[in-house]
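Spelled out from the first residue to the last, the chains are:
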Protein chains: 2
Amino acid sequence: MAAAELQITKQTRIGMELQFHWEEVKAFERQPDGSLFSWCERFYCYQHLIRGIKNKRQTAITLKYDGKEFKWEVGECLLQKLETEGIVKRVFPLHDETKRKKLLYSWALHWWDFTNQPIDEIYSYFGTKIAVYFAFLGMYTRWLLFPAAFGLTLQIINFGYVLEFRSLRLLVLPIFFVSIILWAIMFSQFWKRKNSALLARWQISYSMEADVGYKLLGMDRSSVQSAEKPVRKAHIKIEKEVFQRNEWFGRLLRFRNDALVILSIICLQLPFELAYAHTYEVMESDIIKFGLTAIYLFAIQYLTQVGGKISVKLIKHEDNENKEKRADSLVYKVFGLYFMQSYIGVFYHALLHRSFLTLRQVLILRLLVSEVLQNLWENSLPYLKYSYKKYRIRSKKRQEKKSSSGKIQFSSRVEKEYLKPSYSASIGEEIEDGLFDDLLELALQFGMIMMFASAFPLAFAFAILNNITEIRTDALKLLTMFKRPQPRAAATIGAWLNIFQFLTVMSICTNCALLAWLYDEEGRWKIEPGLAAILVMEHILLMIKFGFSRFVPEEPAWVRANRMKNATQAQDVCSKRILRSISAEKESREEKEHVVEKEFGMKKEE
Amino acid sequence: MAAAELQITKQTRIGMELQFHWEEVKAFERQPDGSLFSWCERFYCYQHLIRGIKNKRQTAITLKYDGKEFKWEVGECLLQKLETEGIVKRVFPLHDETKRKKLLYSWALHWWDFTNQPIDEIYSYFGTKIAVYFAFLGMYTRWLLFPAAFGLTLQIINFGYVLEFRSLRLLVLPIFFVSIILWAIMFSQFWKRKNSALLARWQISYSMEADVGYKLLGMDRSSVQSAEKPVRKAHIKIEKEVFQRNEWFGRLLRFRNDALVILSIICLQLPFELAYAHTYEVMESDIIKFGLTAIYLFAIQYLTQVGGKISVKLIKHEDNENKEKRADSLVYKVFGLYFMQSYIGVFYHALLHRSFLTLRQVLILRLLVSEVLQNLWENSLPYLKYSYKKYRIRSKKRQEKKSSSGKIQFSSRVEKEYLKPSYSASIGEEIEDGLFDDLLELALQFGMIMMFASAFPLAFAFAILNNITEIRTDALKLLTMFKRPQPRAAATIGAWLNIFQFLTVMSICTNCALLAWLYDEEGRWKIEPGLAAILVMEHILLMIKFGFSRFVPEEPAWVRANRMKNATQAQDVCSKRILRSISAEKESREEKEHVVEKEFGMKKEE
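Residues numbered from 1 in each chain as written. Chains lettered and ligands numbered in written order. Predicted model: local features only at pLDDT ≥ 70, side-chain atom pairs only at ≥ 80, totals over all residues. Heavy atoms only, no water.

Turning to the overall build of chain A, a few remarks are in order. Counting its regular elements, chain A contains 18 helices and 4 strands. Within chain A, the fraction of its 606 residues that count as buried is 46%. In chain A, once contacts between residues fewer than 6 apart in sequence are set aside, the share between residues at least 24 apart is 74%. Carbon and sulfur atoms form 62% of the exposed surface of chain A, whose accessible area is close to 32100 Å². (Helix = DSSP H or I, 4+ residues; strand = E, 2+ residues; numbered from the N terminus. Buried < 20%, exposed > 50% of the residue type's maximum accessible area, 1.4 Å probe, protein only. Contact = heavy atoms within 4.5 Å. Areas by Shrake-Rupley, 256 points an atom, 1.4 Å probe, with all protein chains shown as cover.)

In structure tokens:
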């Protein structure tokens, strides 16, 4: 019943996607682990059931709890009432201890596996989105092996004896640059293929846009459908106009918001970051430098939070089609903030010093600080919070015990989980979950290593080390430190892939600029064959970036063939039955109206 | 019957796409002009019927005609037999005289309408592809008004009095360049929207990929479907591997072909074109120049034909998924040939002289020659051919009449149409139709006016004049000079839109180069703020080009909502009935096997 109201569609055994009905349960395909529904589907069913308890009597009901008394109004949702009264503190999914333990040993503590992860089990425990994130992280780390090895080789050769041969460096660095750009282009395309292969394995047909249709427009479709022809035509026309108006209005609104964010970043954040970088360079005393950095870090933390909150507010006014679209819109805006914050200082140093050595030092510092400190921070902070909360509750309980002895701690596991922090984003808890922070970190790292690749080839080796630990610490974090996250229906990493692609394009441009600097050490800025070659190379790489997706499609042929097969089968099976019912219906109506169809010159005798 | 074998799907009245069955004819939506099938669908039905006449008896039948005798073998197609025997000369669709006359007056001879065309009537007479071409041509011409007016204004001001103010020119030309690039970007995106709106109006759901599924793999799907589970799993795995192998093999083959064509263009055509351009510049005697051009034109015609034939051969070996994909592959290859041939000379002149005036002269010459002469050529040649053929037949008939008088000319209209040339491409008659030549001309014109826009803003005005005449002359050509073309199922202009977009990207680069030359008239090639600004502008424009499609989707919201509505309705209607049948079938099988489903702890009593 609940499933029917929720309109869950499932894959059937003959390969079609149909609406689920309990009576026909045997017709449906099972999950890989044998259960009927995935964790995400079950979660939504539970939620639907709990939230569906309403007072269906004619009068309000009086409820009593702990001495208090309150009225449950007609048609009111029980859970909402209890939440507002403070009796139910929070509804959240609990960890499944046996499965959690199993995952802990087969996944989080399996250090010697490097990038291998039991993705299917992660999927059935945490849902699609988290599993897709870990699949992405694993594939990214595995693919990083190639540039890491290449960069390490270059670095070893460089430290060895060829540092002074400028001509060799001029040959080797462009080769490195071109090969890592090609690597990044191929990575993003092959990730798309892997993603759709994963979804095919989990029997998810990714139709996020399917729920768009009527939301923009509050029209009743049955009325449209059954209306007579002239009325229907007029209806269609009005509908079309409303859609067009809504479409452009929504687009303008989103454009205005984007423009606002971009403008405020350029007008407020850019001068601030540049001012910091400049003062840092100008100051000579180390103590002042240290103080300045402390003030800067404090200020930037605060500013970023304010920016994030403004973005969340802006997005709520936008007319985004569904939750995932809204989350994507937030991702773009917040990434804009972080992009400026992370890279503008590096660009400034590079421009000011025009020296690869200084740039390298800045990069090493940034990479180490961001990766090591950030990892420590993000892993220890929630743990400390949790410990403190637990400590406070325990001391409170102890006090209570002293006053009224003999109370039993019967709900300890649930209580313990309640104390755990929830897996949420540092910005905008209600829209995004904790994956936001993890993916942001990954994207910033990718940008850092790619955009300055030709200045610091060793960065890839740092990144791979960081990511291998990241896989296990993230897993540990999810399994031990947080409440079990609410599953989300999104089946891709969404906007983040676009950001990775944007960073690839940016890195084509920045690396070419770096190479031009390297080539033109005297600062003559003359267009010589060398510089012209760099320009040409840039254009060719940009062409490859935008042309490659035509060469390798996003969906492997077998996934597409599968999809097509399902569609064709569905059509074959549906066709006859439905047609018969429609034409029978029409016929009876037409017979009532005594219309003789002249064009066909025949009449059915029935 | 024929329709059922052909697997025609049609839009039904409740908005779903279903397979057509004659018994349920009333359930289906009609065409805008009231007929049940579109011209294209009818054509394929006719063809299926004619080609389906086979000898179904046990023995061969002896047929007699004109004194000759031949055997119609068992299972042989009659039409094929007659064609090989030379009795049936050709099967082609005839013009519908009343409709043709009506179109002639409302479309081809309606000169004062400028870009307005009765697209719906063209669609119902010629089918989707030709109607889409004319819709594209009309929209392109209408959109050209803006740059044409802008360019004309610039030219008038320029000729007036500001030719010497270099600084003003440096300001005005970049503005012109940026605005026409933005114009081109918006045009290509809005054309996509217009195209999908047209298809929605004509009730065509463009699922060209739907017929891919099983073609790659000669597997019987029913066997896969009904097999037992372990067997099926293994089957799926093998299927997947075969698909992967085929996918990459096909891709490699296509890549090899593309590489072959590109290499041969670079190694053979480029030196040839450059040699011609160079000799032309070096020669001083006008007579030698004239002779050289004549030889060049002759040679290039021949070479292009050879290149086209080679491309057609290459494509036949490719594993393209369907006819339209194959046609697209051909389009890319042949366009490569023409691209070199049309622009490399202009580039050479521009590079050699580094003067806008010379470049302008070359461009005017090329535009006039290509547009005026080509139009004359393509319109007069088929007419002359047709006249000559008619003349020959007439004189032959006259001779026959003399020998055996009293013969009646009973099939004159059919005979006259048989004499008309067919609407075919100059390259590869069997793959592409005459639209190939028209679209090629349009693309080359677009490239010429866009790539050198900042050197010759007036070109847009030339182009708009040319296109307004092109609309009517093309219409006239189709209606009076050719056999009625066979309708094609393609519902977009296909690869040509990609070529237009490629030319837009190219024009960003070339125009920036031109502006840089203009800026740096002394040839110092120093990176000054001006040149740096041009480079930055180029990058920003490239970003806009690739980002714009995210901002404005290819499908208007109302078309998408319509599509979604249909999909949802189809699911709602299908769901229950099919499920019941599947689970009933499964149940009966399982009951036979005496399996007790323990997980649900219940059993149906039936």
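By size, the foremost hydrophobic cluster in this structure holds 212 residues, and its most contacted members are A:Phe460, A:Trp496, B:Phe460 and B:Trp496. The contact partners of B:Trp496, leaving out residues within four places of it in the chain, are B:Val331, B:Phe335, B:Phe436, B:Leu439, B:Leu440 and B:Ala443. (Core = buried A, V, L, I, M, F, W, Y, C linked by side-chain atoms within 4.5 Å.)

Residue and element names in this part refer to chain B. If you trace the backbone, Lys-54 turns up in the loop between helix 2 (39-51) and strand 3 (61-65). Residue class for Lys-54 comes out partly exposed when judged on its relative accessible area of 43%. Expressed as a C-alpha distance, the spacing of Lys-54 and Lys-81, which sit 27 residues apart in the sequence, is 10.0 Å. With sequence-adjacent residues up to four places away left out, Lys-54 is seen in contact with Trp-72, Gly-75, Glu-76 and Cys-77.

Residue and element names in this part refer to chain A. A complete count under the given rule lists 69 aromatic pairs over all chains for this structure. Relative to Phe-500, the ring of Phe-446 has its centre 4.6 Å away and its plane inclined at 40 degrees; by these criteria the two rings are tilted. One end of the pair, Phe-446, is in helix 14 (residues 435-451); the other, Phe-500, is in helix 16 (residues 495-519), and 54 residues separate them in sequence. With a relative accessible area of 1%, Phe-446 lands in the buried category. (Phe/Tyr/Trp six-rings, centres within 6.5 Å; stacked < 30°, edge-to-face > 60°.)

Residue and element names in this part refer to chain B. Remark: helix 4 (residues 97-108) packs on helix 5 (residues 119-126), axes separated minimally by 11 Å, with the N-to-C direction vectors making an angle of 150 degrees. Taken together, helix 4 and helix 5 sit at an angle that is classed as roughly antiparallel. Taken as a pair, helix 4 and helix 5 cross one another with a handedness that is left-handed. Residue-level contacts link Lys-99, Arg-100, Leu-103 and Trp-107 of helix 4 to Glu-121, Ile-122, Tyr-125 and Phe-126 of helix 5. Considered class by class, the residues forming the contact of helix 4 with helix 5 number 5 nonpolar, no polar and 3 charged. (Axes fitted to C-alpha atoms, helices over the stretch in contact; angles between N-to-C directions. Parallel < 35°, antiparallel > 145°, perpendicular 65-115°, else oblique. Left-handed = near helix turned anticlockwise from the far one by under 90°. Nonpolar A, V, L, I, M, F, W, Y, C, P; charged D, E, K, R; others polar.)

A few words on the UniProt feature "transmembrane region" (unreviewed entry) in chain A. Residue and element names in this part refer to chain A. Taking the UniProt record as the reference, the feature "transmembrane region" (unreviewed entry) is found at residues 143-162, 168-191, 259-278, 290-310, 330-351, 442-468, 489-519 and 531-548. The span residues 290-310 carries 100% helix and 0% strand; its end-to-end C-alpha distance comes to 30 Å. Helix and strand shares over residues 330-351 are 100% and 0% respectively, and the end C-alpha atoms of the span are 31 Å apart. (UniProt positions renumbered as here; feature names shortened; annotations may be inferred.)

As a further point, take the environment of A:Leu367. Residue and element names in this part refer to chain A. With respect to the helices and strands, the residue Leu-367 is situated in helix 12 (residues 356-403). Once the C-alpha coordinates of Leu-367 and Met-448 are considered, the two residues, 81 residues apart in sequence, prove to be 7.9 Å apart. Leave out the neighbours within four places in its chain, and Leu-367 touches Val-372, Met-448, Ile-449, Phe-456, Ala-459 and Phe-462.

Here the focus is the confidence of the model for chain A. Reading predicted coordinates in detail is not appropriate for stretches of low pLDDT. Residues and elements named next belong to chain A. Of the residues in chain A, 78% reach a pLDDT of 70 or more, and the chain-wide mean stands at 77. Below a pLDDT of 50 lies the segment residues 208-228, which in the model reaches 35 contacts outside its immediate sequence neighbourhood of four places, other chains included. Below pLDDT 50 for its whole length, residues 594-606 participates in 13 contacts with residues either more than four positions away or in separate chains. Across the interfaces of the predicted complex, the ipTM metric reaches 0.74, alongside a pTM of 0.80. (pLDDT = per-residue confidence, 0-100.)

Residues and elements named next belong to chain A. Bridge count between strand 3 (residues 61-65) and strand 4 (residues 68-72): 5 bridges; the pairing is antiparallel. In the sheet register, Leu-63 faces strand 4, and the bridge partner there is Phe-70. With antiparallel pairing between neighbouring strands as the criterion, strand 3 and strand 4 make up a hairpin whose turn holds 2 residues, including Asp-66 at a positive phi of roughly 55 degrees. (Pairing = 2+ DSSP bridges.)

Working note: a packed helix pair is described by the angle between its axes plus the distance between those axes. All names here are of chain B. Helix 15 (residues 459-481) packs onto helix 4 with a crossing angle of 170 degrees between their chain directions and a minimal axis gap of 10 Å. As summarised for this structure, helix 4 and helix 15 are arranged roughly antiparallel, according to the angle between their axes. Contact residues: helix 4 offers Arg-100, Leu-103, Leu-104, Trp-107 and Ala-108, while helix 15 offers Arg-472, Ala-475, Leu-476, Leu-479 and Thr-480. Of the residues in the contact of helix 4 with helix 15, the class split is 7 nonpolar, 1 polar and 2 charged.

As a further point, take helix 16 of chain A. Here helix 16 of chain A contains 25 residues, and its C-alpha end-to-end distance of 36 Å stays within 8% of the 36 Å for a straight helix at 1.5 Å per residue. Counting buried residues in helix 16 of chain A gives 21 out of 25 residues, a clear majority hidden from the surface. (Expected span 1.5 Å × (residues − 1).)

Right, let's talk about the pattern of salt bridges for a bit. Applying the stated criterion across every chain yields a total of 19 salt bridges over all chains. One salt bridge in this structure joins A:Asp258 and A:Lys333, with 3.0 Å as the shortest N-O distance. Of this pair, A:Asp258 sits in helix 9 (residues 229-282) while A:Lys333 sits in helix 11 (residues 323-353); the two residues are 75 residues apart in sequence, bridging distant segments of the chain. One salt bridge in this structure joins B:Glu85 and B:Lys81, with 4.0 Å as the shortest N-O distance. With a gap of 4 residues between them, B:Glu85 and B:Lys81 both fall in helix 3 (residues 78-85), about one helical turn apart. (Salt bridge = Lys/Arg side-chain N within 4 Å of Asp/Glu carboxyl O.)

As a further point, take a positive patch on the surface. Residue and element names in this part refer to chain A. A grouping of Lys-89, Arg-90, Lys-385, Lys-389, Arg-392 and Lys-396 is seen on the molecular surface, where their side chains present a positively charged patch. By secondary structure assignment, the location of Arg-392 is in helix 12. For Arg-392, a relative accessible area of 52% corresponds to the exposed category. (Patch = residues over 30% accessible without salt bridge, like charges linked within 9 Å, V, L, I, M, F, W, Y side chains within 5 Å. Lys, Arg positive; Asp, Glu negative; His and termini not counted. Charge placed at Lys NZ, Arg CZ, Asp CG, Glu CD.)

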